[in-house]
Amino acid sequence: MENKSNRIASSEIINTAEPYYYNKLIYNIHELLSRYTFIQSIIIGNSVLGKSIPCIKIGKGSNVVLYHAGIHANEWITSLLMMKFIENFCIAYEENNNMHGFNIRDLYNRTTLYIVPMVNPDGIDLVTGNIPQDSKIFDNYRQIATSFPNIPFPDGWKANFNGVDLNLQFPAEWEEAKRIKYAQGFNKPAPRDYVGEGPLTEPEALALYNFTLAHNPKLTISYHTQGEVIFWQYLDYKPTNALEIATKFSELSGYNIEEVPLNSSFAGYKDWFIAQYNKPGYTIEAGLRRKSVTPFPI
Ligand SMILES: [Zn+2]
């Protein structure tokens, strides 16, 4: 009981009113771990600039689920979304409450939820103004961006430090993604849409790939911010229950279920997951669609 009253007396950890970046993520994870001892943190790999990429583990059940967010730099609000979700889950667990009609302690026992809240910490630090403009690192980003003057800098930056789009790095018709993106002019390191020199050349993408293979999730969700859309398909794969679950997501969120435009249909994490496992994998485009500016504001 003493713990409970302490928790209520102290304020919530995740502040959704301010931009989110790597140091804040790490600080918040430490705070969450010390307050909520029933969750754990795992390092799944490192970014190009050597930042460790954390994953939060919640639960101990056999039903393994994996979410990730913040793979595109200027979509950092998804990292904040994941962290707030984790905190809300923790509060509900501690108070033995329900969330959306589910008893959280029951879910905790039946499910193991892995959440990688920030796959691309280097890129997110650039977009959120956490790289000093007189630094060599900033200069490297700026040089890549110079070749693409139509993409706002740094607001239009989605890639990692090497100028590779991490969601075009997965072995699902990667050659086809390369053909399409090269034809659009993204044939070298760029703020977005450059596929890299091969699948999984970038450490952030490789880390997520290896972590997935090690844990064999039954379902994955990739969080992006195009706004109010759910994607569930890859080629002609029809994973069992995939559309039914997408329909539930749609009913709960009000988001539309849409078909992926052909130009964005290959080499994404979701695409690879569906092809690899033939299980439900989703891209959820968070944010309000009418605010279609980049980066999406909080
Ligand atoms: Zn995205």
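Residues numbered from 1 in each chain as written. Predicted model: local features only at pLDDT ≥ 70, side-chain atom pairs only at ≥ 80, totals over all residues.

(A) The overall build of the protein, seen in detail. Counting secondary structure elements, the protein contains ten helices and ten strands. What you see for the protein is a C-alpha radius of gyration of 19 Å, in line with the 19 Å of a compact globule of 298 residues. When the backbone C-alpha atoms are referred to their principal axes, the protein occupies close to 60 × 50 × 35 Å. By residue count, 44% of the 298 residues in the protein fall in the buried class. (Helix = DSSP H or I, 4+ residues; strand = E, 2+ residues; numbered from the N terminus. Rg over C-alpha atoms; globule rule 2.2 N^0.38 Å. Buried ≥ 20, exposed ≤ 12 C-beta atoms within 10 Å, placed from the backbone.)

(B) How the structure looks around the sheet that holds strand β7 (residues 219-224). Read from one edge to the other, the open sheet built from eight strands follows the order β1-β2-β6-β3-β7-β10-β8-β9, with strand pairing classed as mixed. The sheet terminates laterally at β1 (39-46) and β9 (256-257), the two strands that pair on one side only. Inspection of the sheet shows β1 paired to strand β2 (residues 52-58) by seven bridges, in the antiparallel sense. Bridging from a neighbouring strand, I43 pairs with P54 of β2. Against the sheet, helix α2 (residues 22-35) makes contact with β1 and β2, and its axis sits at roughly 150 degrees relative to β1, the strand it touches most. Docked against the sheet, helix α10 (residues 269-277) engages β7, β8 (229-231) and β10 (281-285), running at close to 160 degrees with respect to β10. (Pairing = 2+ DSSP bridges. Contact = placed C-beta atoms within 7 Å. Axes fitted to C-alpha atoms, helices over the stretch in contact; angles between N-to-C directions.)

(C) Focus on the environment of T16. By the secondary structure assignment, T16 is in the loop between α1 (2-9) and α2. Note: C-alpha distance between T16 and N46 (30 residues apart in sequence) is 26 Å. Those residues within four positions of T16 in sequence are excluded, and the remaining contacts are L80, K84 and I298.

(D) Structural view of the pairing of strand β6 (residues 111-116). Alignment of β2 against β6, held across three bridges, turns out to be antiparallel. In the sheet register, I58 faces β6, and the bridge partner there is L113. Where strand β3 (residues 63-68) and β6 come together, six bridges link them in parallel fashion. Note that in β6 the partner of N63 across the bridge is T111.

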